[in-house]
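Listed below, chain by chain, are the residues.
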Amino acid sequence: MTQIQWTRKDLLGLRDLSREEIELVLETAKSFRDISLRPVKKVPVLRGKTVANLFFEPSTRTRVSFELAEKRLSADTIHVASSMSSIVKGETLKDTARNIEALKVDVVVMRHGSSGAPHRLAHHLKASVINAGDGINEHPTQALLDMFTILEKKGKIEGLNVTFVGDILHSRVARSNIWGLTKLGANVTVCAPKTLLPARVGELGVRVTTDLCQAVKDADVINLLRIQLERQQESFFPSIREYATAYQINREILRDAKPDVLIMHPGPVNRGIEITSEIVESPASVILDQVTYGLAARMAVLFLVSGAAKKEKEAK
Amino acid sequence: MTQIQWTRKDLLGLRDLSREEIELVLETAKSFRDISLRPVKKVPVLRGKTVANLFFEPSTRTRVSFELAEKRLSADTIHVASSMSSIVKGETLKDTARNIEALKVDVVVMRHGSSGAPHRLAHHLKASVINAGDGINEHPTQALLDMFTILEKKGKIEGLNVTFVGDILHSRVARSNIWGLTKLGANVTVCAPKTLLPARVGELGVRVTTDLCQAVKDADVINLLRIQLERQQESFFPSIREYATAYQINREILRDAKPDVLIMHPGPVNRGIEITSEIVESPASVILDQVTYGLAARMAVLFLVSGAAKKEKEAK
Amino acid sequence: MTQIQWTRKDLLGLRDLSREEIELVLETAKSFRDISLRPVKKVPVLRGKTVANLFFEPSTRTRVSFELAEKRLSADTIHVASSMSSIVKGETLKDTARNIEALKVDVVVMRHGSSGAPHRLAHHLKASVINAGDGINEHPTQALLDMFTILEKKGKIEGLNVTFVGDILHSRVARSNIWGLTKLGANVTVCAPKTLLPARVGELGVRVTTDLCQAVKDADVINLLRIQLERQQESFFPSIREYATAYQINREILRDAKPDVLIMHPGPVNRGIEITSEIVESPASVILDQVTYGLAARMAVLFLVSGAAKKEKEAK
């Protein structure tokens, strides 16, 4: 068991966290895992606390997952959706922050199209900030739930070969996972056509390849990134069909994979493009476990940053 | 008192229910009727349960009615509104279902523009599904609240003459009511211009007429269907004025009706079109009672499908 | 301590309230002030009560403030947003009212673009109605929170000089404040270019001036009204720059002000237009206190109109 205490006000990204901090979140997630399986799916951990969900980018999945995690911890929740460009500007974000503070909100969950927006908010705020995805920078709770899923299914992370396939260039999910997994001792490979690889991705301590066969061969985990169809006209790849021909995860490509490889995907899945329906439905797929474990991971983060953990220890 | 136990996971339509099952819902609704009249309008029946409201068609009234019913039963509620056409497709609906399941939701309330969508969802889901209106197929909780209103006001349903006037062709409210009322022994008449009558509506065991006088004369209950003004350009009827001339419920047409006839309408009312303001305001109108009893009917359905009933009995 | 009891079903405006009633709200706000500062920000005062928030005009700030006030009082809340023009019409508003009543809602919080809409709703409703802003008429909870802020910071209202600067013509905030402050014995000054002053504003018992220096000189409180940039094309003032030159609150203009003058603003602030950033950040500014005290003022109003106060006294 990790012996450290959580001292951070915010969860902004896995880049900043130490190995011990990440392990503490994963252990805490384990303790929340079974709450959503009980007949009464509710604990009074955050009773009387207020969580504001600020979504400047639309997101049904992440929004619902956070909202359920908050309600199952008995928090009062507020939802603010906005695409107003005025709020994107720095100065206005600061005013937004102060207003939230003045409403005596305890935790702000923020998704924003600009990389770094939650960091700026956190800087101005005494309340905790949880990054629910910022631009192409990080999506730390997604990476934490991915790591928690691996841990539950494989029993460890250290030494595993984890391969990411897809749009690495634009993926905050990949970035957060790379920071987290490398800290925990996994060997990370990223695989994509050259146009979807960041310029100096190798410097992040990962193996880089454009060859799917090679990326899949010795993988313990394959984590697929969603191909965003709306990006096709920007011509990062010639056509969906060509992408699928070279980078789709299907029965053939998995023939040479390890028999116990895990298939992961943050959803929503484009069946028939980055993965076939057959593989989505196969026993190797843990895509729905990721959704379930996402609740536990988010409950853990809400619990830790809200300081409930600290207070509990003080009470003993 | 009905002696049967509720065994269904879902409430998809009244077509599938037995007479005894419908009676059980109505009896359960009676036991929930007075909760909304108390100073503290809340019972802990669904505490720690999660209800997801998926509205793929916009609806303020039905949404608010369900949401209040859920909150007064102490459930945690989630609202997802969507008009995304991608979700209409079968495969994606299945993925939606599985994601909901993975979030450990107990009950899904679903409104959808496609007939049969909640049935497909229910097929893929261990969680309960309540149909809140699917295409032109069924709207079972509306029919149950209509029947509960009749029962409260008339003391019985068997043997009553119940007349539906309006757009029978497109009305899921009429369809659900016809299934339910005929099972409970009411004599149902449907009345509309020929263009607004389904081809083989007589096979449902109802009397069919295009003559409003005849339809009204011996009715114990007249249940009006909303004329959807946006359908006029499809020319199902020549003009609103002509429709109103032949099919409006007003003082004149009610001169030959029974003195204790009940006037019902699922709302929102087009005053001056399918019914005059005078009749909406008259003592015969139970339109607002329908809104109030809708809470009781929906609380009953939520209670029964969520298995709370079963568990309560086991505990004794 | 005020000895009167609250007997009003609704809070529609400060024009109707007596001095004693306003003082009762302010005293009640004081008793709710510290709830939002506690670790567990929740009291069971409105448990089992339903509050419906009907926002026919969009508003994030006022909506969130009311929603938090309601949740911290443990009420069940419903949110209905609408810009449907059909609901603006009188007859439909009456139907809306009756439907809300039939759902056994206890309190309706309503924002509406038409002056008088909440009054019409209240007339048709047994449930309480709280005006959250109606057209250019009143915004009583904003004025109450402004007065509560003055009281907390200055210890009194009677005899203080309170100056409003900005778009007096279109400001429901100014109108509510003028009704309230003059009843409590403050000396109110309004200052704006002639085009932004109502025709007979002097009849409200306030001093009127177009000269900012004069308006600021002896003020104990300066309450700024937001300049609505979208109104510029209606040419109420020549240009934003010209407005700012003559009416901006900045360091220079405050050189002749009292050293302990309070700077207030209902938000959101247009920094650099009606006020400089420097003054927003200065110790004189209580703009964020207004946000915090808004929770207390709204909790007080919700508590009083919902009759909880009356019932509590009966129980003793």
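Parameters and conventions
Residues numbered from 1 in each chain as written. Chains lettered and ligands numbered in written order. Predicted model: local features only at pLDDT ≥ 70, side-chain atom pairs only at ≥ 80, totals over all residues. Heavy atoms only, no water. Helix = DSSP H or I, 4+ residues; strand = E, 2+ residues; numbered from the N terminus. Rg over C-alpha atoms; globule rule 2.2 N^0.38 Å. Buried < 20%, exposed > 50% of the residue type's maximum accessible area, 1.4 Å probe, protein only. Contact = heavy atoms within 4.5 Å. Lys, Arg positive; Asp, Glu negative; His and termini not counted. Charge placed at Lys NZ, Arg CZ, Asp CG, Glu CD. Buried area = accessible area lost by both parts, 1.4 Å probe. Salt bridge = Lys/Arg side-chain N within 4 Å of Asp/Glu carboxyl O. Nonpolar A, V, L, I, M, F, W, Y, C, P; charged D, E, K, R; others polar. Pairing = 2+ DSSP bridges. Axes fitted to C-alpha atoms, helices over the stretch in contact; angles between N-to-C directions. Polar contact = N/O pair within 3.5 Å; in protein donor to acceptor, adjacent residues only side chain to side chain. Arc of directions from axis to C-beta. Right-handed = clockwise from strand over helix to strand, strands pointing away. Least-squares fit on C-alpha atoms with pLDDT ≥ 70 in both. Phe/Tyr/Trp six-rings, centres within 6.5 Å; stacked < 30°, edge-to-face > 60°. Lys NZ or Arg CZ within 6 Å of the ring centre and 35° of its normal. Domains from an automatic or database assignment.

This next bit is on the overall build of chain A. Each helix and strand in chain A was counted, giving 13 helices and nine strands. The C-alpha radius of gyration of chain A comes to 19 Å, within 12% of the 20 Å expected for a compact globule of 316 residues. Along the first, second and third principal axes, the C-alpha set of chain A runs to 55 × 45 × 35 Å. Across the 316 residues in chain A, those meeting the buried criterion constitute 62%. If you take every contact in chain A between residues at least 6 apart in sequence, the share linking residues at least 24 apart comes to 74%. Positive and negative side-chain charges of chain A, numbering 44 and 37 respectively, have mean locations separated by a distance of 4 Å.

The next thing to look at is the interface of chain C and chain B. Taken together, the contact pairs 19 residues of chain C with 22 residues of chain B. When chain C packs against chain B, the two sides together hide about 1,900 Å² of surface, and 52% of this comes from carbon and sulfur. When the buried area of chain C at its contact with chain B is split by residue, Ile78(C), Leu103(C) and Lys104(C) rank highest and sum to 29% of it. Summed over the shared surface of chain C and chain B, the result is four salt bridges. Among the ionic pairs, Asp76(C) bridges to Lys42(B), the shortest N-O distance being 2.8 Å. Counting residues per element, the ones that place at least two in the side of chain C that touches chain B are strand E2 (76-81) and helix H4 (90-102) of chain C. The greatest single-element share of the side of chain C that touches chain B, amounting to six residues, is contributed by H4(C). Partitioned by chemical class, the residues of the side of chain C that touches chain B number five nonpolar, five polar and nine charged.

Below, the discussion takes up the sheet that holds strand E1 (residues 50-55) of chain C. Note: strands within a sheet are paired through backbone hydrogen bonds, in either parallel or antiparallel orientation. As summarised here, the arrangement of the four strands in space is E2-E1-E3-E4 (chain C), forming an open sheet in which the pairing is parallel. What marks the edges here is a single partner per strand, and that holds for E2 and strand E4 (128-134) of chain C. Across this sheet, the average inter-strand angle for adjacent strands is 15 degrees, counted without regard to direction. Packed on one face of the sheet, helix H2 (residues 60-72) of chain B meets E1 and E2 of chain C and runs near 170 degrees to E2(C). Contacts from helix H11 (residues 287-305) of chain C reach E1, strand E3 (107-112) and E4 of chain C within the one sheet, and its direction differs from that of E4(C) by about 145 degrees.

Looking now at the side chain of Thr141(B). Residue and element names in this part refer to chain B. Considering the arrangement of structural elements, one finds Thr141 in helix H6 (residues 140-154). For Thr141, a relative accessible area of 0% translates into the label buried. Within the structure, Thr141 has its side chain in polar contact with the side chain of Arg298 (distance 3.2 Å). Those residues in contact with Thr141 that sit more than four places away from it in its chain are Leu11, Phe66, Ile130, Asn131, Arg298 and Val301.

Further remarks concern helix H9 (residues 240-247) of chain B. Since there are 3.6 residues in each turn of an α-helix, residues three or four apart along the chain are aligned in direction. All names here are of chain B. Three or more residues of H9 are buried, namely Ile240, Tyr243, Ala244 and Tyr247. For H9, the angular spread of the buried residues around the axis is 95 degrees, confining them to a single face. Seen from the open side of H9, the exposed residues pointing more than 90 degrees away from its buried face are Arg241 and Thr245. For H9, the elements touching its buried residues are strand E5 (161-165), strand E6 (187-191) and helix H8 (212-217).

Quick look at the pairing of strand E5 (residues 161-165) of chain C now. Residue and element names in this part refer to chain C. Counting buried residues along E5, five of its five residues qualify, which places the element largely inside the surrounding structure. Bridge analysis of E5 against strand E6 (residues 187-191) gives five bridges, and the strand direction is parallel. Counted as the bridge partner of Thr163 is Thr189 from E6. Handedness of the crossover joining E5 and E6 through helix H7 (residues 172-183) is recorded here as right-handed. Strand direction decides the pairing type here: E5 and strand E8 (residues 221-224), joined by four bridges, are parallel. When the bridges of E8 are listed, Thr163 appears paired with Ile222.

Of the transformation superimposing chain A on chain B, the axial component is 0.1 Å and the angular component is 120 degrees, with the fit at an RMSD of 0.0 Å. Taken together, the rotation and translation relating the two chain copies correspond to the operation of a three-fold axis.

Turning our attention to the sheet that holds strand E6 (residues 187-191) of chain A. Residues and elements named next belong to chain A. The parallel open sheet is built from five strands, whose spatial order is E7-E6-E5-E8-E9. Sheet topology places strand E7 (207-209) and strand E9 (262-264) at the edges, where each strand pairs with a single neighbour. Sheet twist, expressed as the average angle between the axes of neighbouring strands with direction ignored, equals 20 degrees. As judged from the three bridges shared by strand E8 (residues 221-224) and E9, these two strands associate in the parallel manner. Residue pairing across strands places Asn223 opposite Met264, the latter belonging to E9. Strand contacts of helix H7 (residues 172-183): strand E5 (161-165), E6 and E8, with the helix running at about 155 degrees to E6, the strand carrying the most contacts.

The next thing to look at is the packing of aromatic side chains. The tally for this structure, following the rule as stated, stands at nine aromatic pairs over all chains. For the ring pair Phe148(B) and Tyr293(B), a centre distance of 5.2 Å and an interplane angle of 85 degrees mean the geometry is edge-to-face. Note that Phe148(B) is positioned in helix H6 and Tyr293(B) in helix H12 (residues 287-305), a separation of 145 residues in sequence. Here Phe148(B) matches Tyr293(B) in class, with each residue buried. The ring of Phe66(A) carries the charged tip of Arg298(A) above its face, separated from the ring centre by 4.9 Å.

Residues and elements named next belong to chain C. Structurally, Gly294 is set in helix H11. Sequence spacing of Gly294 and Arg72 is 222 residues, and the spatial spacing of their C-alpha atoms is 13 Å. Ignoring any residue separated from it by four or fewer positions in sequence, one finds Gly294 in contact with Ser65 and Leu145.

Residues and elements named next belong to chain A. Domain assignment breaks chain A into domain 1 (19-139 + 292-315) and domain 2 (140-286). Between the C-alpha centres of domain 1 and domain 2 there is a distance of 26 Å. On the side of domain 2, 28 residues touch domain 1, which itself brings 28 residues to the contact. Between domain 1 and domain 2, roughly 2,300 Å² of surface is buried when both sides are summed, and carbon and sulfur atoms account for 62% of that area. In terms of surface lost to domain 2, no three residues of domain 1 exceed Leu26, His139 and Tyr293, which account for 31% of the buried area on that side. Between domain 1 and domain 2 we count four salt bridges in total. Taken together, the connections running from domain 1 to domain 2 amount to 13 residue pairs in polar contact (both at pLDDT 80 or more). Put simply, the parts of the chain that give the side of domain 1 that touches domain 2 at least two residues each are helix H1 (19-32), helix H2 (60-72), strand E3 (107-112), strand E4 (128-134) and helix H12 (287-305). For the side of domain 1 that touches domain 2, the element with the highest residue contribution is H1, accounting for seven residues. Of the residues contributing to the side of domain 1 that touches domain 2, the split by class is 11 nonpolar, seven polar and 10 charged.

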